[in-house]
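Listed here are the chains, written in short residue letters.
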Amino acid sequence: MAMVATLTNCGAGACMMLSQRTSSSWLPLFLGSRSCSSRDVIGFVDAGVFQGDGRLRLGLSWRLLHCNQSKRKMGALSIRAAVFDQLSTGLEEAWTKLRREDVLTRENMKEPMRDIRRALLEADVSLPVVRRFVNSVSEKAIGTGVIRGVKPDQQLVKVVHDQLVSLMGGDAVSIEFAKVPPTVILMAGLQGVGKTTACGKLALFLKKKDKSCIMLATDVYRPAAIEQLVTLGKQMEVPVFEAGNQLSPVEIARKGLSEAKKKGVDVVIVDTAGRLQVDKGMMNELKQMKQVLNPTEIFLVVDAMTGQEAAALVAAFNLEVGLTGAILTKLDGDSRGGAALSIKEVSGKPIKFIGEGESMTALEPFYPDRMASRILGMGDILSFVEKAQEVMMQEEAEEMQKKIMEAKFDFNDFLKQTRMMARMGSMGGMLKFIPGMNKVSPLQIREAEKSLKVMESMINSMTPEERADPELLTKSPSRRRRIALGSGRTQEQVSQLVSQLFQMRARMKNLATLMQGGKVPGLDNLDESLRSSQKAPPGTAKRRRTKTELQKLLTKVGQGGSVAKGFGSKREVI
Ligand SMILES: Nc1nc2c(ncn2[C@@H]2O[C@H](COP(=O)(O)OP(=O)(O)OP(=O)(O)O)[C@@H](O)[C@H]2O)c(=O)[nH]1
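Residues numbered from 1 in each chain as written. Predicted model: local features only at pLDDT ≥ 70, side-chain atom pairs only at ≥ 80, totals over all residues. Heavy atoms only, no water.

Draft legend 1. Representation of the packing of helix H6 (residues 195-208) against helix H7 (residues 223-236) within the structure. At a closest axis distance of 9 Å, the pairing of H6 and H7 adopts a crossing angle of 20 degrees. Between H6 and H7, the crossing angle belongs to the class labelled roughly parallel. Relative to H7, the crossing made by H6 is right-handed. Each of Thr196, Thr197, Cys199, Gly200, Ala203, Leu204 and Lys207 in H6 lies in contact with H7, whose residues at this interface are Ala225, Gln228, Leu229, Leu232 and Met236. Split by residue class, the contact of H6 with H7 holds 7 nonpolar, 4 polar and 1 charged. (Axes fitted to C-alpha atoms, helices over the stretch in contact; angles between N-to-C directions. Helix = DSSP H or I, 4+ residues; strand = E, 2+ residues; numbered from the N terminus. Parallel < 35°, antiparallel > 145°, perpendicular 65-115°, else oblique. Left-handed = near helix turned anticlockwise from the far one by under 90°. Contact = heavy atoms within 4.5 Å. Nonpolar A, V, L, I, M, F, W, Y, C, P; charged D, E, K, R; others polar.)

Draft legend 2. Region of the structure containing the site of the ligand. Of all residues adjacent to the ligand, which total 25 residues, the nearest are Lys195, Thr196, Thr197, Arg222 and Asp332. Between the ligand and Gly192, the relevant distance is 3.0 Å, taken from an oxygen atom to a main-chain nitrogen or oxygen of the residue. Here the shell around the ligand gets 4 residues from one element, more than from any other, and that element is H6. (Near = heavy atom within 4 Å. Polar contact = N/O pair within 3.5 Å; in protein donor to acceptor, adjacent residues only side chain to side chain.)

Draft legend 3. Quick look at the pattern of salt bridges. Applying the stated rule across the entire model yields 14 salt bridges. With a shortest N-O distance of 3.3 Å, Glu107 and Lys110 are connected by a salt bridge. Here the residue Glu107 and the residue Lys110 both occupy positions in helix H3 (residues 106-122), the gap between them amounting to 3 residues, near one helical turn. In this structure, Glu297 engages Lys352 in a salt bridge whose closest nitrogen and oxygen atoms are separated by 2.8 Å. With Glu297 in strand E10 (residues 297-303) and Lys352 in strand E12 (residues 351-355), this residue pair connects regions lying 55 residues apart in the sequence. Of the two residues, Glu297 and Lys352, both sit in the buried class. One network of salt bridges, with partners in common, ties together Lys97, Glu111, Asp115 and Arg118. (Salt bridge = Lys/Arg side-chain N within 4 Å of Asp/Glu carboxyl O. Buried < 20%, exposed > 50% of the residue type's maximum accessible area, 1.4 Å probe, protein only.)

Draft legend 4. Geometry of the sheet that holds E12. Sheet architecture is open: 8 strands sit in the order E8-E7-E9-E6-E10-E11-E12-E13, paired in mixed fashion. The strands lining the two open edges of the sheet, one partner per strand, are strand E8 (240-242) and strand E13 (363-365). Each strand axis lies, on average, 25 degrees off the axis of its neighbour in the sheet, ignoring direction. Pairing geometry for strand E6 (residues 183-189) and E10, over 5 bridges, is parallel. Bridge pairing in E10 places Ala188 opposite Leu300. Contacts from helix H8 (residues 249-263) reach E6, strand E7 (213-217), E8 and strand E9 (267-271), with the element oriented near 165 degrees to E7. Strands in contact with helix H10 (residues 308-320) are E6, E10 and strand E11 (325-329); relative to E10, the strand with the most contacts, it is inclined by about 155 degrees. (Pairing = 2+ DSSP bridges.)

In structure tokens, the structure reads:
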């Protein structure tokens, strides 16, 4: 890791920091320290000279490390300053504030949410992204409700984790390969961000996946870049196509591609020239390259240490050239995390790979969930909360099953079911996974979702007794009138809802009887009908007859049982 330091007796005096960077080209120049402030924060400035390719670059980064009061009392303090350490520490402040609370409320969430907001801004995440993130975290945290055995601080950790995952794009997006090889990957980016290195890393990554590669050296403006790529190619035994610096990048790309096709390689990785900043010349050149190469992937290589600027660059390049993703390099030197957190949200393009060192093996696919766990560093708490949620859901399901068996399904259960569906994703999303249901039209899905919302509004206007005992509503028109007024619906709609619940109960009861091996009146011949329909050849009179009988029987299951009088059809609305 970037550095590990152990401090002893860090009362008021200066602290010593032992520094060991993963990247050998970072030479520690200055190690500074301040004594512990009243907020128990020590600030470190570390600086380094970057001399990887003979050019001089200066890096500066601030690290705020928190002393732990109790550990300090013990006379020893361990400080781990790693990737995203600053962000992790900032977020940790938020959970600590909730340690003494029993439940999450809007009131006790205010301060932790301020901490989260501060931590993200300090991590160099852009303000609109921070705002959206904070809003969704507080909505989710309060909306989740109490999970038995889970403390509010643990619950907040889980919510923040899940929101971080979705902020970074949710699922990992893997590299896309062309249907007809070769797959062309065009690498763009500003100067010094690590493009050439990323080309080599990617070639090695693909080679390990049994893909043959060739790299094209089109950076004609910096001759050392061609040499660099050739050296990397030799090192990894990956061929490099180069044509010196006399031809234009576009011509080299064209020749390189036809060479790749001749050789029958799987993947062509194109290293392009960087510029100090975004300029028209570079964009035009990239557009021409794109036309000539017809790439499957266009990656923008960005430096993690540039924070939200990296995200803005991805957005700008995407608008101009059209990207398929980003490669985030130098994550090993980034203690803030702003780029990793903002790129997807700001540009709409996923991070596909991360680079964490100069070595050719230091490239990995980007997994939002792993990154979120790494930022929070609380794997044990996350899995504990997940387990507790699973147990709760299991218990809820068992309780629901019991109610179904006893035909005691009430409006509370109805509400629970719709909320569970909302938690699991939209109805449209869920239906896609049910065989045969993907033919339901989007309009039908929207209608169904709308009517669920209408039902929910009426249930919300019921008293707790009415929800638990729907019979009360069958007996009292005045109750139904009150609910209609409260929910802004008509009395007819309320009556329909009540009658639907009783129909559901009746169906459930019949199904339960079937599941328990019992017989529903009128269904005695179901088994036999099914068997004879299977035996009868298709299209025969017997098959047609049994099919109609079966439909009649199934309708009976739906309508049988003790439907309350006056309910069940629109005409019979009370
Ligand atoms: N620590 C660290 N250094 C990296 C990483 N990726 C690249 N570098 C270093 O960054 C420096 C610049 O990398 P290059 O690959 O030459 O960058 P480039 O974008 O091709 O530069 P130009 O050709 O000038 O546009 C080199 O010294 C690399 O070793 C990384 O993930 N971590």
